[in-house]
Amino acid sequence: MFQQRPPVATQRPAAQGSAAWRRFWQRYRRNKFAVLGAVIVLLFVMVGLFAPWLAPYSYTEQELTNTQAAPSLAHPFGTDRLGRDQFSRLIWGARTALIVAPATVIVGLTLGLVLGSAAGFFGGWVDQLVMRVSDVLFAFPGLLFAILLAATVQPRIEGWLSQYEALKPFVRSGYAEFFVVIFALSMVGWPGLARLIRGQILALREQPFVEAAHAIGVPPWRILLRHLLPNALTPVIVSVSMGLGGAILAESTLSFFGIGIQPPTASWGAMIFANFSFWRQPSALWLVWAPGLVVGSLVFAFNFIGDGLNEALGR
Amino acid sequence: MLVYLIRRLLWMPILLLIIALLTFAIGLYGPGDPIQQRLGTRSNPEAVARLRAELGLDRPFLMQYGEYVGKAVRGDFGESITLFPGKPIRELLAGRLWVSLQINLVALLLGAFFGIPIGIVAALFRNTPLDYFLMFGIVLAISFPTFVLLPILMWLFIEQIPLLGVGWGGLLSSKAILPISVLSLGPLAVYARQTRANLAEVLEQDFIRTARGKGLSETTVLLRHALRNAMIPLITIFGLMLGGLVSGSFITETLLGIPGIGRLGVDAFYARDYPIIMALTLLIAVGYAVANLLVDLLYAYADPRIRVQ
Amino acid sequence: MENNRTLMYVILGGLVGLCVLALAALVIFGGVALLNRGEESSTVVATTETDQGTTTEGTSSGSSATASSNSLRLLGGEPPTLDPALASDATSANYIVELFSGLVTLDENVEIVPDIAADWRVSDDGLTYTFTLRDDVTFADGSAVTAEDFKYTIERACDPATLSPVADTYLGDIVGCKEKLGQAAGEVSGVRVIDPQTLEITIDAPKVYFLAKLTYPTAFVVDQAAVQAGGNLWATTNPNGSGPFRLDEYRFGERLVLAPNENYYGDPKPSLDRVTYILSGGSGMTMYETDEVDVVGVGLGDIDRVLDPSSPLNADLREVSEFSIGYIGLNANQPPFDDPQVRQAFNLAIDKEALVTAVLNDTVVPAYGIIPPGMPGHDPNIEGLRFNAEEAQRLLAESSYGGAENLPDITLHVSGAGGAAGPQIEAIVEMWKRNLAVDVAIEQTEWATFLTDIDRRPNPYQAFSIGWIADYPDPENFLDLLFHCDSLGNRTGYCNAEVDALLEEARVEQDNDARMALYDQAQQLIVQDAAWVPLWFNKGYVLVKPYVQDYRFPPTIVPTLKYVKLAQ
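Please read these numbers as outputs of a predicted model, since none were measured by experiment.

**Q** Let's hear about the overall build of chain C: which residues, and what values?
**A** Across its full length, chain C carries 19 helices and 19 strands. In chain C, which comprises 568 residues, the share counted as buried stands at 57%. Summarising the internal contacts of chain C: among those between residues at least 6 apart in sequence, 69% fall at separations of at least 24. Approximately 22,000 Å² of chain C is accessible, and the part contributed by carbon and sulfur atoms is 52%.

Here you go:
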């Protein structure tokens, strides 16, 4: 939520080759938590990828004679209000999270990278335009904007997709919701990245090695791609890693407002809020706490990866 | 510098106008017809048309927008449509804003109160097990969002050991403990991390070494030189957080039944009460924009490299 | 270094200034908020009689009073309105019935009984009602309630400027009301004042259920002077009604306090000194357990705990019935539900017992008929379409579509502001999938749009999930309104001439038993034709502290607080 001023990267041309990689890994490895984070994320990625093979039950299969059952051998995380296996739903939830988070970050990053470097590099009215738009999006309370946006575009996107006969099953199956969520969250996410990149480029532009490149007649686009961007990337990488965790959180938060990915599709956030009213009961343990702790540990992992990257790449 | 200042000051109202326009457009083209919702569906079309005219919803977009802005400037955000039909929004906001501000300000101050010392300790003992332990705890605290922490804390302190309560009984009642502690975790983590990072950086710098070289005691070095320099960015963050105070806290307030503006926002969203949503958005945007402006100005003054031209 | 230091001071100074500013703003805001509060509390009803020393005790201890003072503490919702003409929701109506009263009301057996009207006569053609009013009825300020007041009340409700969302439904039968709503008439010609104690109302057709409509707040008498003096918010400042209680204090978002109306004409007179509704929200269960409220409704999340006989709360539990039903409407004008066999198959494929037990924790009763239990016209022995998967598959195969694979795409529409459709709907869709092999998509539409859509003719939805609550306890309000071919409230497009004939006969049948028999026949036909999938009848669970005596929970909204006594 808090906008931090961009840290200015070390002003040194990017190191090249495998030696740099080795050095990076050595430095990264020093932060044990960052390694732990990487392991956790890797684990979740595997779970998400192999969800259909890992989940013992289908995530939609209901067993109304066995609802809110306590954890047992057959259902290690118990069952939910409809007697669905909570363990399987948690596993499928990983897939949902690992679709939404990277997609959101990639869309946001692309927008941020293009607009931010354009603003920083060209300056003038381009800069003004990008910065003023990002000002507006910044001043707009982020969460509220995402919610309003999602609520407004959802019927439109679905209506638009439903026009095409071929896409109808796609809408009916609920996958269109992913687009809505990704769209809304990346619209909120890009201005931060754009500002970060712009700040970096502005600071780097004044560096001697850039001026030298100018002097020897290197074309501007080449300077941007070869000299400016690579050096500006460290804080971007860090912020992307944190952004992944942020996107997972944001997706869960949208569920609180009832927007976004809907059951029966498994989404951790939706699972938490659908069962929140049971917070007093023992079943909250597996219906509310379990998805909550899963969200938390994944965000936690991404945060530590960010820390580790910051140390390994920076100063 | 003066030019920059004037430019920023001129941009502020334009920014707010654009935000109002965006919210207004979403309200108008968003889903749901508030008139139908208020009158019910078995009402006759005459009444619908009348109410629409009475609320001015039948006029051209720009006219409605212009009038809205004109009134909003004077603090009149219109009336609630569906949630509390006919209630002036100003009245709805006043009491709730006060509740939200109290909780959030206390949480913010508490966060600073505990966060900064934690950061100092971590920086002084950096790369020791103590530092790792503290930072681990801090990252843990920001990674687990309120909607994960709340059910756990509620179960513990309301159901198991009935110490705290749900609802609102003023800042001094025991019911305020849970929301304030949950809300202070975020600021606490930010402060602790920033303090640690800044202090660690400052401690590496030349003038600290000079001070030490002069034979000053370690306490003096720390208090008079290092800390002071490390504090500057923290105060900036505090400024930004103050700006964010008015946004209340949607989830905490709703889950704990606190009558603040966060919960009002959630209720208004569910009832599609756009005038309330618009008023809240504007309020929050003003808070953020003002804080941002001040912080930006300070930054521009402090660091010529980032000065926007 | 020098430069750095001055810079630092400037920044520090600026930020401290910012903090001071913010704090100052806080104090000012807080001051404003406090001032506003002061104003709100000064808008307390100005009663003409002097408070006899209850002011200090009643209000100051209001928020933290224990049961020792004779004050009942309830959890209340913020009333959207307290104006009887505008109320269309249960929250508002709950307060209004305590503050205002009308010609007739309902007793415990949901029979219509006299209230302000001591007696009434219906003309032989069933069109004209002549009410004789009691002569001892006054508003809270002591001024007499006369037939003129009722004429004013009805004309005000039917005035389009009042913007009443419900006048058409509840008073539309009165000759002239619809015209006035359409701005064609200056007065409602069907209301005539014979003398101060005699009121004559003429309706447009001999509708036996008309009297039942008068039990709803829309027809409750209001005081012209109070309405005109109070402006837009007259009802929340000085409602001056004729009900058992008067408004003692209303602090928006905090509490609403009722005090007995000393001039109340009815029986019994209220025994409580104060009734405090806490409006600031919070978890009702927690407040009940910490003795902050005396009565609380139990939500789904707490029901298991409370139903457990070993729970200390179990002894306080009361079950409350409501006249309402949840159902899925099947649009008879849209494929595939244009085929009654498909509709029947979709009915038979749902195991309502399992649904109600597993998903809703038995907080509702499975519905096989249309009319809720306790209401006139309820048929406990109705056959209904009970769960039978094989029969469902057979019917689907025999239908004109010839089986699941030939059905068009089906979408079930539910209302809601985005958000999950709810586990009930998920379970139903899963049952259709499992028992009929039909994939039904769920589409959620925001409430207002949803309502507008299902009221369109033709209704664009194939299937939709919604509920119906009795406006007044008469089967006409369910069967005629929702299933007659020509009814505006018929959302499924279901049309059966035989049913229509029965309904029309029942409208004017003056013998009650014969009328109920007609409705029962109609109900059975409707159920067999599977116009709906009736799902469940709602009921509620309430906890009441043992020292609260005679707290009644009638299925319709009628005054209850005047009966309540607190054991000391």
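**Q** How would you summarise the overall build of chain B if you had to cite specific residues and measurements?
**A** Per the secondary structure count, chain B includes 13 helices and zero strands. Its helices and strands in sequence order give chain B the pattern α-α-α-α-α-α-α-α-α-α-α-α-α, from N to C terminus. For chain B, buried positions account for 58% of its 309 residues. The contacts in chain B between residues at least 6 apart in sequence include a share of 71% that link residues at least 24 apart. When the accessible area of chain B is evaluated, it comes to approximately 12,700 Å², of which 67% is carbon and sulfur surface.

**Q** Hey, could you go over the interface of chain A and chain B for me, with residue numbers and the actual values?
**A** Contacts between chain A and chain B engage 47 residues on the former and 53 residues on the latter. A buried area of about 5,000 Å², summed over both sides, lies between chain A and chain B, and 75% of it is on carbon and sulfur atoms. Remark: the boundary between chain A and chain B carries one salt bridge. The partner of Asp307 of chain A in a salt bridge is Arg193 of chain B, and the shortest N-O contact between them spans 3.0 Å. The interface formed by chain A and chain B holds four residue pairs in polar contact (both at pLDDT 80 or more) in total. Mapped onto the side of chain A that touches chain B, the elements with two or more residues apiece are helix 5 (124-139), helix 6 (142-162), helix 10 (220-256), helix 11 (268-274) and helix 12 (284-313) of chain A. The greatest single-element share of the side of chain A that touches chain B, amounting to eleven residues, is contributed by helix 12 of chain A. Residue composition of the side of chain A that touches chain B, grouped by class: 28 nonpolar, eleven polar and eight charged.

**Q** Let's hear about helix 10 of chain A: which residues, and what values?
**A** One turn of the α-helix equals 3.6 residues, which is why residues spaced by three or four share an orientation. All names here are of chain A. Relative to the 54 Å expected for 37 residues at 1.5 Å per residue, helix 10 spans just 47 Å between its end C-alpha atoms, considerably shorter than the ideal helical length. The largest bend along helix 10 measures about 45° and falls at Leu233, with the proline Pro235 one to four residues further on. Residue Gly258 follows helix 10 closely and has a positive phi angle near 75°.

**Q** Provide a residue-level description of the domain arrangement of chain C, including the pertinent values.
**A** The figure often quoted for interface size is the accessible area lost as the parts come together. Residues and elements named next belong to chain C. Segmentation of chain C into domains returns domain 1 (104-228) and domain 2 (330-464 + 503-537). In this assembly, five residues from domain 1 lie in contact with six residues from domain 2. Counting the surface lost from both domain 1 and domain 2, the interface buries some 450 Å², and carbon and sulfur atoms represent 61% of this. The largest share of the area that domain 1 buries against domain 2 comes from Pro206, Val208 and Tyr209, three residues that together contribute 78% of it. The interface formed by domain 1 and domain 2 holds zero residue pairs in polar contact (both at pLDDT 80 or more) in total. Grouping the amino acids of the side of domain 1 that touches domain 2 by side-chain chemistry returns four nonpolar, no polar and one charged.

**Q** Run through the confidence of the model for chain B, naming residues and quoting values.
**A** Taken over all residues, the pLDDT of chain B has a mean of 78, while the share at 70 or more is 85%. Here helix 2 (residues 34-39) of chain B is the element of chain B with the lowest mean pLDDT, 62, and helix 5 (residues 89-124) of chain B is the one with the highest, 87.

**Q** I'd like a description of the interface of chain A and chain C, backed by residues and values.
**A** Contact with chain A, which involves 19 residues of that partner, is made by 29 residues of chain C. Carbon and sulfur atoms supply 45% of the area buried between chain A and chain C, which totals about 1,900 Å² over both sides. When the buried surface of chain A facing chain C is broken down by residue, Arg81, Arg172 and Arg280 of chain A rank first, second and third, together holding 35% of it. Here chain A and chain C share one salt bridge between them.

**Q** So what's going on with the sheet that holds strand 4 (residues 117-122) of chain C? Which residues, and what values?
**A** Two orientations exist for strands paired in a sheet by backbone hydrogen bonds: parallel and antiparallel. Residue and element names in this part refer to chain C. The sheet built from four strands is open, its strands ordered 4-5-7-6 with antiparallel pairing. Of all strands in the sheet, those bounded by a partner on one side alone are strand 4 and strand 6 (191-195). For this sheet, the mean angle separating the axes of adjacent strands, direction not counted, is 20°. Where strand 5 (residues 128-133) and strand 7 (residues 198-202) come together, five bridges link them in antiparallel fashion. Bridge pairing in strand 7 links Tyr129 to Ile201. Here helix 4 (residues 147-158) sits on the sheet and contacts strand 5, strand 6 and strand 7; the angle it forms with strand 6, its principal contact strand, is near 170°.

**Q** Tell me about the packing of aromatic side chains, and name the residues and values.
**A** Tallied over the entire structure, the rule returns 32 aromatic pairs over all chains. Pairing Phe33 of chain A with Tyr132 of chain B gives two aromatic rings, centres 6.3 Å apart and planes at 90°, and the pair type is edge-to-face. Pair noted here: Phe33 of chain A is in helix 2 (residues 32-49) and Tyr132 of chain B is in helix 6 (residues 129-143), and the two residues belong to different chains. Here Tyr132 of chain B falls in the partly exposed class, since its relative accessible area comes to 39%. Summarising the aromatic geometry, the rings of Tyr264 of chain C and Tyr265 of chain C are spaced 4.9 Å apart at their centres and angled 45° between planes, so their arrangement reads as tilted. Here Tyr265 of chain C falls in the buried class, since its relative accessible area comes to 6%. Here the aromatic residues Phe33, Phe300 and Phe304 of chain A together with Tyr132 and Phe136 of chain B are joined through ring pairs into a cluster of three or more. Its guanidinium or amino end placed over the ring of Trp11 of chain B, Arg132 of chain A lies 5.1 Å from that ring's centre, counting from NZ or CZ.

**Q** Now, about the state of the cysteines: what can you tell me, with residues and values included?
**A** Structurally, a disulfide amounts to a covalent bond that connects the sulfur atoms of two cysteines. Residue and element names in this part refer to chain C. Scanning the entire structure with this criterion turns up two disulfides over all chains. The residue that forms a disulfide with Cys158 is Cys177, at a sulfur-sulfur distance of 2.0 Å. Its torsion about the S-S bond being -95°, the disulfide of Cys158 and Cys177 is classed as left-handed. Note that Cys158 is positioned in helix 4 and Cys177 in helix 6 (residues 177-181), a separation of 19 residues in sequence. Taken as a pair, Cys158 and Cys177 share a single burial class, namely buried. With its sulfur 1.8 Å from that of its partner, Cys485 forms a disulfide with Cys495. Every disulfide takes its handedness from the sign of the S-S torsion; for Cys485 and Cys495 that torsion is 105°, giving right-handed.

**Q** Quick rundown of the nonpolar core? Include the residues and the values.
**A** Core analysis: the largest hydrophobic core is formed by 183 residues, its most contacted members being Trp268 of chain A together with Leu72 and Leu561 of chain C. Residues contacting Leu72 of chain C, with those up to four places away along its chain left out, are Leu272, Arg274, Val275, Thr276, Asp294, Val548, Tyr551, Leu561, Val564 and Leu566 of chain C. In this structure, Leu82 of chain A together with Val359, Leu395 and Leu412 of chain C belong to the second largest nonpolar core, which totals 41 residues.

**Q** Kindly report on the side chain of Ser186 of chain A, identifying the contributing residues and their values.
**A** All names here are of chain A. Position of Ser186 relative to the elements: it lies in helix 8 (residues 176-205). Here Ser186 falls in the buried class, since its relative accessible area comes to 2%. One polar contact links the side chain of Ser186 to the main-chain carbonyl oxygen of Ile182, over a distance of 2.7 Å. If we skip the residues at most four places from it in the chain, Ser186 touches Thr104, Val107 and Gly108.

**Q** Can you break down the pattern of salt bridges residue by residue, with the values?
**A** For the structure shown, the criterion picks out 31 salt bridges over all chains. Close ionic contact of Arg251 of chain C with Glu249 of chain C constitutes a salt bridge, the shortest N to O distance being 3.0 Å. With its nearest N and O atoms 3.2 Å apart, the salt bridge here joins Lys539 of chain C to Glu319 of chain C. You can see Lys539 of chain C sitting in strand 17 (residues 532-544) and its partner Glu319 of chain C sitting in strand 12 (residues 317-330), a full 220 residues away along the chain. Several salt bridges share partner residues, and in doing so they unite Asp80, Arg84 and Arg89 of chain A together with Glu426 of chain C into one network.

**Q** Talk me through the pairing of strand 6 of chain C; I want residue IDs and the actual numbers.
**A** Residue and element names in this part refer to chain C. For strand 6 and strand 7, the ladder comprises four bridges, and the chain directions are antiparallel. Looking across to strand 7, one finds that Val191 is bridged to Ile201. In sequence, strand 6 turns back onto strand 7 through a hairpin of two residues.

**Q** Account for unusual backbone geometry, naming residues and giving values.
**A** All names here are of chain C. Between Asp267 and the following residue, Pro268, the backbone shows a cis peptide bond with an omega angle of -5°. Here Pro268 lies in the loop between strand 9 (255-260) and strand 10 (274-278). The peptide bond linking Pro335 to Pro336 adopts the cis configuration, its omega dihedral lying at 0°. Looking at the element boundaries, Pro336 is found in the loop between strand 12 and helix 12 (340-348). The backbone phi angle of Asn240 is positive, close to 45°, even though this residue is not glycine. Classification of Asn240 as buried rests on a relative accessible area of 6%. In this structure, Asp550 takes a positive phi of about 60° despite not being glycine. Structurally, Asp550 can be placed in the loop between strand 18 (548-549) and strand 19 (565-566). Residue Asp550 is classed as partly exposed on the basis of its relative accessible area of 43%.

The rules behind each value
- Residues numbered from 1 in each chain as written.
- Chains lettered and ligands numbered in written order.
- Predicted model: local features only at pLDDT ≥ 70, side-chain atom pairs only at ≥ 80, totals over all residues.
- Heavy atoms only, no water.
- Helix = DSSP H or I, 4+ residues; strand = E, 2+ residues; numbered from the N terminus.
- Buried < 20%, exposed > 50% of the residue type's maximum accessible area, 1.4 Å probe, protein only.
- Contact = heavy atoms within 4.5 Å.
- Areas by Shrake-Rupley, 256 points an atom, 1.4 Å probe, with all protein chains shown as cover.
- Buried area = accessible area lost by both parts, 1.4 Å probe.
- Salt bridge = Lys/Arg side-chain N within 4 Å of Asp/Glu carboxyl O.
- Polar contact = N/O pair within 3.5 Å; in protein donor to acceptor, adjacent residues only side chain to side chain.
- Nonpolar A, V, L, I, M, F, W, Y, C, P; charged D, E, K, R; others polar.
- Expected span 1.5 Å × (residues − 1).
- Bend = angle between axes of the 7 residues up to and from the residue.
- Domains from an automatic or database assignment.
- pLDDT = per-residue confidence, 0-100.
- Pairing = 2+ DSSP bridges.
- Axes fitted to C-alpha atoms, helices over the stretch in contact; angles between N-to-C directions.
- Phe/Tyr/Trp six-rings, centres within 6.5 Å; stacked < 30°, edge-to-face > 60°.
- Lys NZ or Arg CZ within 6 Å of the ring centre and 35° of its normal.
- Disulfide = S-S within 2.5 Å.
- Core = buried A, V, L, I, M, F, W, Y, C linked by side-chain atoms within 4.5 Å.

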